[in-house]
Amino acid sequence: MRFNLSFKWLSLESMNMAIDLGTTSTLIYTKDEGIVLEEDSMVAIDKNTREMITAGKEVKEMLGRIPDNIIISEPLEDGVIADFKLVEEMLRFFIGKVQKRRLFIKPKVVVAVPSGITPVEKRAVINSIEEAGAREVYLVSEPIAAALGEGMPVTEPAGNMIIDIGGGTTEIAVIALSGIVNKVSIKIAGNELDDAIQTYMYDKYNMAIGKVSAEKIKKNIGSAHPSVENKEMEIRGRDLVEGLPKKIIINSNEIREAMSETLGLMKNAIKKSLSETPPELASDIVEKGLFLTGGGALLSGIDKMISKSTNLKVSVSEDPLRGVVKGAGIILVNINEYRDLLMDPNR
Ligand SMILES: Nc1ncnc2c1ncn2[C@@H]1O[C@H](COP(=O)(O)OP(=O)(O)OP(=O)(O)O)[C@@H](O)[C@H]1O
Ligand SMILES: [Mg+2]
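What you are looking at is a predicted structure, and each value in this text was computed from that prediction instead of being measured.

Peer 1: I would appreciate a short explanation of the nonpolar core in the present structure.
Peer 2: Across soluble globular proteins, you tend to see nonpolar side chains buried next to one another. In this structure, Met201, Ile217, Ile235, Leu263, Leu290, Ile302 and Ile306 are the most contacted members of the largest nonpolar core, which totals 41 residues. Per-element accounting of this core gives the leading share, 7 residues, to helix H9 (residues 252–275). When sequence neighbours within four positions are dropped, the list of residues in contact with Ile235 reads Met201, Met207, Ile209, Ile217, Lys246, Lys247, Ile248 and Ile250. By size, the runner-up hydrophobic cluster in this structure holds 32 residues, among which are Val87, Leu91, Val98 and Val113.

Shown next as structure tokens:
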């Protein structure tokens, strides 16, 4: 009995994990425990030794008051690896955190990656995860994982359209019969909305605000459609003319104006994807509507905005930050059943 229990505890199966390696956040799922890690894709590095000090939420907490000897880095850019060594160290840190004292067992990993990933980028992701301690690495494209995680019937013949607005990429995919029939992927997403807010504050109020503040403004009062309640917020920043700290009150309408060009690019990408969808699948989509996920789906009024510009029904995920890792987790647990959903690592 005792032998059986400890044997189970050490079983290879329970060490396996699904990873959503996102531009903004990394999530890890295990079969036994579900989502076990949800942290910012950020690392703190020692300026002198170039060694990683820590990663994830501890780094986010440091932002704004970082000592001189520390550099903060976001090693993923637009969904793909910008700094190979740092991604590997970050993953090693996260995987170590999840495995606790069971580090000697090498897990099998299913990792979700952007659908537009190049073969070279695929190699970089696989190498990073292997170097971080994995035994086998399987790739699945983010839209497929997200659709599966949201419970969409991805293996059936009818078309499903999913829109994933993340931090670095917006991916729009039509999925049927376990494959992506057509996709549009743009490197315009949540981060660009934050940039647009920073630029607006600069241009209109001569005010410099940090990236973290811009994101806060977006989350608190940002809106993508005029029907959403107009909220106000006090903003603190630095006056660019006088160099002194100042505070002003801004509202949702202004922030919508600030984001309008960027939101317009997202709308165009969605329309492009619809126009490229084969007619028989388009008719399924007209009937079912569009499905919205990723952190950007939390922006208030974005469903209304998309619905207005496409004349289609838009449903929003109930848990938009976790759909991708849930879907990758479903594949991990039923890898033989869902083999068709995996990406070819070499193409
Ligand atoms: N309440 C909210 N309102 C608006 N935007 C939000 C909200 N919550 C999170 N976001 C935005 O969602 C984005 C992160 O989403 P998500 O975690 O899905 O991205 P990611 O998977 O890390 O990135 P990617 O898929 O592009 O690699 C960030 O830009 C964040 O500011
Ligand atoms: Mg994502």
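On we go.
Peer 1: Explanation requested: the site of ligand 1 in the structure shown.
Peer 2: Within the structure, ligand 1 sits among 21 residues, and Thr23, Thr24, Gly168, Glu215 and Lys218 are positioned closest to it. A distance of 2.9 Å separates an oxygen atom of ligand 1 from a polar atom in the backbone of Ser25. Glu215 is positioned such that a nitrogen or oxygen atom in its side chain is 2.6 Å from an oxygen atom of ligand 1. Here ligand 1 has 650 Å² of accessible area as a free molecule, and 92% of this is covered by the chains. At the level of secondary structure, the elements contributing two or more residues to the shell around ligand 1 comprise helix H7 (190–205) and helix H8 (211–221). Among the residues making up the shell around ligand 1, the classes are represented as 3 nonpolar, 14 polar and 4 charged.

Peer 1: Looking at this structure, how should I read the domain arrangement of the protein chain?
Peer 2: Interface size is commonly expressed as the accessible area that is lost once the parts come together. Domains assigned within the protein chain are domain 1 (2–145 + 324–341), domain 2 (159–188 + 263–321) and domain 3 (190–259). For domain 1 versus domain 2, the separation of C-alpha centres amounts to 26 Å. Listed by partner, the interface residues are 16 residues for domain 1 and 16 residues for domain 2. Interface area for domain 1 against domain 2, summed over the two sides, is near 1200 Å², with a carbon-plus-sulfur share of 54%. The largest share of the area that domain 1 buries against domain 2 comes from Asp78, Ser115 and Pro143, three residues that together contribute 39% of it. Here Asp319 makes a salt bridge to Lys326, at a shortest N to O gap of 3.2 Å. For the pair domain 1 and domain 2, the interface holds 3 residue pairs in polar contact (both at pLDDT 80 or more). The element contributing the most residues to the side of domain 1 that touches domain 2 is helix H6 (residues 142–149), with 3 residues. Partitioning the side of domain 1 that touches domain 2 into residue classes produces 6 nonpolar, 6 polar and 4 charged.

What counts as what
Residues numbered from 1 in each chain as written. Chains lettered and ligands numbered in written order. Predicted model: local features only at pLDDT ≥ 70, side-chain atom pairs only at ≥ 80, totals over all residues. Heavy atoms only, no water. Core = buried A, V, L, I, M, F, W, Y, C linked by side-chain atoms within 4.5 Å. Buried < 20%, exposed > 50% of the residue type's maximum accessible area, 1.4 Å probe, protein only. Helix = DSSP H or I, 4+ residues; strand = E, 2+ residues; numbered from the N terminus. Contact = heavy atoms within 4.5 Å. Near = heavy atom within 4 Å. Polar contact = N/O pair within 3.5 Å; in protein donor to acceptor, adjacent residues only side chain to side chain. Areas by Shrake-Rupley, 256 points an atom, 1.4 Å probe, with all protein chains shown as cover. Nonpolar A, V, L, I, M, F, W, Y, C, P; charged D, E, K, R; others polar. Domains from an automatic or database assignment. Buried area = accessible area lost by both parts, 1.4 Å probe. Salt bridge = Lys/Arg side-chain N within 4 Å of Asp/Glu carboxyl O.

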